[in-house]
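Observations on the three-dimensional arrangement
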Amino acid sequence: SPIYDAIIIGGGPTGLLLSNLLSGYNVRSHLLFDKRPTSELLRHPQAHFINVRSMEILKAELPRVYEGVLEEMPPVSEWEGFHFGGCVLQSQQYGGGRRLGRVIH
């Protein structure tokens, strides 16, 4: 079996960037990621935003990826915050979908 210098768990933005950067330095790495169908993965994203430092690294190391992220980014109003609620169901039995609070990051 092959021997790797690094094992990367997760094929999100951080895992993919790390894999790309390590390969640029000829570091033998292996990327492990979830093999669910794309349609299922897109229903529930794990990364809600990419932080400023990650974007700086993308801009410096992978400018084409950086530009692609900017092109695909939804308007800030769609992702600048999230809501806390009792339940996503509209039933009064479960809190009626009432919003308990909002966080803007």
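Here goes a summary of the coordinates provided. (Residues numbered from 1 in each chain as written. Predicted model: local features only at pLDDT ≥ 70, side-chain atom pairs only at ≥ 80, totals over all residues. Heavy atoms only, no water.)

A word on the overall build of the protein. The helix and strand inventory of the protein stands at 5 helices and 4 strands. In sequence order, the protein lays out its α and β elements as β-α-β-α-α-α-α-β-β. Evaluated residue by residue, the protein yields a buried proportion of 10% over its 105 residues. The long-range share in the protein, meaning contacts at least 24 apart out of those at least 6 apart in sequence, stands at 26%. Total accessible area on the protein is roughly 8,800 Å²; 57% of this is exposed by carbon and sulfur atoms. (Helix = DSSP H or I, 4+ residues; strand = E, 2+ residues; numbered from the N terminus. Buried < 20%, exposed > 50% of the residue type's maximum accessible area, 1.4 Å probe, protein only. Contact = heavy atoms within 4.5 Å. Areas by Shrake-Rupley, 256 points an atom, 1.4 Å probe, with all protein chains shown as cover.)

The subject of this paragraph is unusual backbone geometry. For residues that are not glycine, phi is negative in most cases, and the peptide bond is trans in most cases. Of note in this structure, Asn26 is not a glycine but carries a positive phi near 60 degrees. Among the structural elements, Asn26 can be located in the loop between helix 1 (13-24) and strand 2 (29-32).

Should their charged atoms come close, side chains of opposite charge can pair. Enumeration over the complete set of coordinates arrives at 1 salt bridge. Salt-bridge contacts for Glu56 lead to Arg53; the nearest nitrogen and oxygen are separated by 3.1 Å. Of the two residues, Glu56 and Arg53 are both situated in helix 3 (residues 52-61); the distance of 3 residues between them amounts to about one turn of the helix. Take Glu56: its relative accessible area is 42%, and that puts it in the partly exposed class. (Salt bridge = Lys/Arg side-chain N within 4 Å of Asp/Glu carboxyl O.)

Membership of the largest hydrophobic core is limited to 5 residues, which are Leu17, Met55, Leu58, Leu62 and Tyr66. Among all residues touching Leu17, those that are not within four sequence positions of it are Ile57, Leu58 and Leu62. (Core = buried A, V, L, I, M, F, W, Y, C linked by side-chain atoms within 4.5 Å.)

Locating Lys35 in the fold gives a position in the loop between strand 2 and helix 2 (38-43). For Lys35 and Gly11, which are 24 residues apart along the polypeptide, the C-alpha to C-alpha distance reads 9.9 Å.

Before going further, it helps to examine the packing of helix 3 against helix 4 (residues 63-72). In the contact formed by helix 3 and helix 4, the axes pass within 5 Å of each other and the chain directions differ by 130 degrees. Relative to helix 4, helix 3 is oriented oblique. On the side of helix 3, the interface is formed by Met55, Leu58, Lys59, Ala60 and Glu61, while helix 4 contributes Pro63, Val65, Tyr66, Val69 and Leu70. When the residues that make up the contact of helix 3 with helix 4 are grouped by side-chain class, the tally is 8 nonpolar, no polar and 2 charged. (Axes fitted to C-alpha atoms, helices over the stretch in contact; angles between N-to-C directions. Parallel < 35°, antiparallel > 145°, perpendicular 65-115°, else oblique. Nonpolar A, V, L, I, M, F, W, Y, C, P; charged D, E, K, R; others polar.)

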